[in-house]
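Analysis of the macromolecular model
Listed below, chain by chain, are the residues.
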Amino acid sequence: MFFKNKKIERKILLEKTVLDSIVTFCKMKHPNEGILILKGKSRKGAIKIDGLAIPPFNFSGPTFAGFPHSFLPFDNSYIGIVHSHPTGSAEPSVTDLNNFFGLVSLIIKSPYDDDSIFAWDSSGNTIPLTIN
Ligand SMILES: [Zn+2]
């Protein structure tokens with residue numbers, strides 16, 4: 001009861017080199033959506049993203065991107081996904097939330113720069129993102 005209001009403070013740490021790879025990949029996929037698996041570690045609410053993987057059998061179009069989760073190999077370094085929104089905001093769509101994978105969903109919108117990327121949890125709440 002005493003800990004009722006205690007919340008784990010969540011934050012995302014994204015390596016700059018990983019962000020650069022995401023930006024390059026999404027610019028290449030534009031005007032279609034791009035999707036990648038995020039690799040990293042989670043410790044006491046802090047999620048550190050230090051790598052990427054290309055999902056198997058991925059498919060994408062201007063307003064959707066996905067992959068069949070059943071084809072994913074078991075790998076506990078897979079902590080979430082990142083995908084791009086070539087048009088519109090970086091807010092997750094209902095489809096995005098229904099297809100939530102892992103702990104965090106990053107969405108990068110056009111024009112794909114350092115200020116275009118946002119982190120979300122499975123409820124569609126934003127999580128503070130630090131690039132370093
Ligand atoms: Zn989306």
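Just above, that's the structure.
Quick look at the structure, then.

Conventions we followed
- Numbers given to residues run from 1 along each chain, matching the order in which its sequence is written.
- Thresholds applied to this predicted model are a pLDDT of at least 70 for local features of residues and 80 or more for the giving and counting of side-chain atom pairs; totals over whole chains, interfaces and linings are not thresholded and use all residues.
- Based on all heavy atoms of the structure, the side-chain values leave hydrogens and waters out of the count.
- Salt bridges are counted wherever a side-chain nitrogen of Lys or Arg sits within 4 Å of a carboxyl oxygen of Asp or Glu.
- Secondary structure elements follow DSSP: runs of H or I of four or more residues count as helices, runs of E of two or more count as strands, with numbering from the N terminus.
- Burial classification: accessible surface area is computed with a 1.4 Å probe over protein chains only, and a residue below 20% of its type maximum counts as buried, one above 50% as exposed, and the rest as partly exposed.
- Cavity: a set of points on a 1 Å grid over the protein atoms alone where a 1.4 Å probe fits but cannot get out. Pocket: an open set with protein on both sides within 12 Å along at least five of seven lines, its lining residues, like those of a cavity, having an atom within 4 Å of a point.
- Grid points are joined across faces, edges and corners, and a volume is the space filled by probe spheres set on the points.
- Each residue is assigned to one class: nonpolar for Ala, Val, Leu, Ile, Met, Phe, Trp, Tyr, Cys and Pro, charged for Asp, Glu, Lys and Arg, and polar for all the others, Gly among them.

The next thing to look at is the pattern of salt bridges. Tallying each qualifying case throughout the model produces 5 salt bridges. Notably, a salt bridge pairs Lys16 with Asp20, separated by 2.9 Å at the nearest N-O pair. Remark: Asp20 and Lys16 occur in helix α1 (residues 16-29); sequence separation between them is 4 residues, near one turn of the helix. Given the relative accessible area of 33%, Lys16 is considered partly exposed. Note that Lys16 and Asp114 form a salt bridge whose closest N and O atoms lie 3.5 Å from each other. One end of the pair, Lys16, is in helix α1; the other, Asp114, is in the loop between β7 (104-109) and β8 (117-120), and 98 residues separate them in sequence. Relative accessible area serves as the criterion here: at 37%, Asp114 is assigned to the partly exposed category.

This brings us to unusual backbone geometry. The omega torsion of the bond from His30 to Pro31 falls at 10°, within 30 degrees of zero and hence cis. With an omega dihedral of 10°, the bond running from Ser110 to Pro111 counts as a cis peptide bond. Its identity is not glycine, yet Lys44 carries a phi of approximately 50°, on the positive side. Counting through the fold element by element, Lys44 comes out in the loop between β2 (35-43) and β3 (46-53). Taking the relative accessible area as the measure of exposure, Lys44 reaches 73% and is therefore exposed. Notably, Tyr112 is not glycine yet its phi reads approximately 60°, a positive angle. Considering the arrangement of structural elements, one finds Tyr112 in the loop between β7 and β8.

Okay, the layout of surface pockets next. Put simply, the largest pocket is a space of about 260 Å³. Along the walls of the largest pocket sit 17 residues, with Ala65, Gly66, Thr95, Asp96 and Asn99 positioned nearest its centre. Broken down by element, the residue count for the lining of the largest pocket peaks at 3 residues, all from strand β6 (residues 78-85). In terms of residue class, the lining of the largest pocket is built from 6 nonpolar, 9 polar and 2 charged.

The values are spatial; any link to function lies outside them.
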